[in-house]
Amino acid sequence: PATHEFAARLLATGIRQDLISRQLWDTASFGYLKVLSAALERARLEPDAAAGRGLVWTVVPRADRARYGVAMHEIEGLIDVVRKASEAEVALVLKECDDGSYYGSSRSKGAVDLAAVCAGLGGGGHAFAAGFTSYDDVPVVLSRFRELLDRAARGDRTDSADQVVERAEQAR
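Below is a short write-up of the structure. (Residues numbered from 1 in each chain as written. Predicted model: local features only at pLDDT ≥ 70, side-chain atom pairs only at ≥ 80, totals over all residues. Heavy atoms only, no water.)

Section: the overall build of the protein chain
- The helix and strand inventory of the protein chain stands at nine helices and six strands.
- A burial count over the protein chain gives 37% of its 172 residues as buried.
- Of the roughly 9,800 Å² of accessible surface on the protein chain, a fraction of 53% belongs to carbon and sulfur atoms. (Helix = DSSP H or I, 4+ residues; strand = E, 2+ residues; numbered from the N terminus. Buried < 20%, exposed > 50% of the residue type's maximum accessible area, 1.4 Å probe, protein only. Areas by Shrake-Rupley, 256 points an atom, 1.4 Å probe, with all protein chains shown as cover.)

Here it is in structure tokens:
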């Protein structure tokens, strides 16, 4: 109730909440729209991932951000667009950082604990939203993420990042 009362007092001052809301939530540069477009074009749906619950993922290379003059903080909300795919329980966006590493942002609709998945990759978060950083190439990152995701979706124990790396190296 206190929050609502405070909001009512603010509105009573005559502030333009529509302008504030638009500036905060509904305004982006044209460059962002171009990066978003490229990311959505790159998006892939893997219906068998997450033990058959589905994974949708995409990558944002730093070259896209550079081409359109978009900073990393501007693409934080991209995961919220990708996760809308009704066919997938889990969404992942891999954003290439300026140093060549990848920051993975993931979201779950509730059936898979992403905190466990991302912890296995050296990251963290909570069940519905978690992230990690990796210096590996995209195919390696995706392979590790898929493996941990499938284990978590089946309710199996999630291995540490070192254990996943060891198995990947043995498979080579």
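Following the structure, the description resumes.
Details of helix H8 (residues 138–154)
- Helix length check: H8, at 17 residues, gives a terminal C-alpha distance of 24 Å against a target of 24 Å (1.5 Å per residue), a fit within 8%.
- All buried positions along H8 are accounted for by Val 138, Val 141, Leu 142, Arg 144, Phe 145, Leu 148, Leu 149, Ala 152 and Ala 153. Along H8, the residues classed as buried sweep out an arc of 165° about the axis, all on the same side. Residues of H8 that are exposed and point more than 90 degrees away from the buried face comprise Pro 139 and Arg 154.
- Within two residues after H8, Gly 155 carries a phi angle of roughly 85°, on the positive side. (Expected span 1.5 Å × (residues − 1). Arc of directions from axis to C-beta.)

What to know about the pattern of salt bridges
- Considering all chains together, one arrives at nine salt bridges under this definition.
- Taking the shortest distance from any N to any O, the salt bridge between Asp 64 and Arg 67 comes out at 3.0 Å. Taken as a pair, Asp 64 and Arg 67 lie in helix H5 (residues 62–68) at a separation of three residues, close to a single helical turn.
- Since its relative accessible area comes to 4%, Asp 64 is described here as buried.
- Note on Arg 67: relative accessible area 53%, which makes it exposed.
- Residues Arg 83 and Asp 80 are paired through a salt bridge, measuring 3.4 Å at the closest nitrogen-oxygen approach.
- Three or more residues are tied together by salt bridges with common partners; here these are Arg 42, Asp 64 and Arg 67. (Salt bridge = Lys/Arg side-chain N within 4 Å of Asp/Glu carboxyl O.)

Here we look at helix H3 (residues 30–42)
- Taking 1.5 Å as the rise per residue, H3 with 13 residues should run 18 Å; its terminal C-alpha atoms sit 19 Å apart, in good agreement.
- Every buried residue of H3 is accounted for by Gly 31, Tyr 32, Val 35, Leu 36 and Ala 39. For H3, the angular spread of buried residues about the axis comes to 135°, placing them on one side. Residues of H3 that are exposed and point more than 90 degrees away from the buried face comprise Phe 30 and Glu 41.

A closer look at the pairing of strand S6 (residues 129–134)
- Of all six residues that make up S6, five are buried, and the element is covered over most of its length.
- Sheet topology note: the strand S4 (residues 102–108)/S6 ladder contains six bridges and is antiparallel. Looking at S6, one finds that Gly 104 is bridged to Phe 132.
- For strand S5 (residues 124–126) and S6, the ladder comprises three bridges, and the chain directions are antiparallel. Across the sheet, Gly 125 pairs through a bridge with Ala 130, a residue of S6. (Pairing = 2+ DSSP bridges.)

Observations concerning the sheet that holds S4
- The six strands lie next to each other as S1-S2-S3-S4-S6-S5, forming an open sheet whose pairing is mixed. Two strands lie at the open edges of the sheet, namely strand S1 (44–46) and S5, each paired on one side alone. The sheet shows a mean angle of 15° between the axes of neighbouring strands, taken without regard to direction.
- On the sheet, H3 packs against S1 and strand S2 (55–60) and is oriented at approximately 135° with respect to S2.
- Strands S1, S2, strand S3 (90–96), S4 and S6 of the sheet are contacted by H8, whose axis makes an angle of about 155° with S3. (Axes fitted to C-alpha atoms, helices over the stretch in contact; angles between N-to-C directions. Contact = heavy atoms within 4.5 Å.)

Focus on a nonpolar patch on the surface
- Together, Phe 6, Leu 10, Leu 11, Ile 15 and Ile 20 make up an exposed nonpolar region whose accessible area comes to about 420 Å².
- Looking at the nonpolar patch, the element that brings in the most residues is helix H1 (residues 2–12), giving three residues.
- On the secondary structure map, Leu 11 appears in helix H1. (Patch = residues over 30% accessible without salt bridge, like charges linked within 9 Å, V, L, I, M, F, W, Y side chains within 5 Å.)

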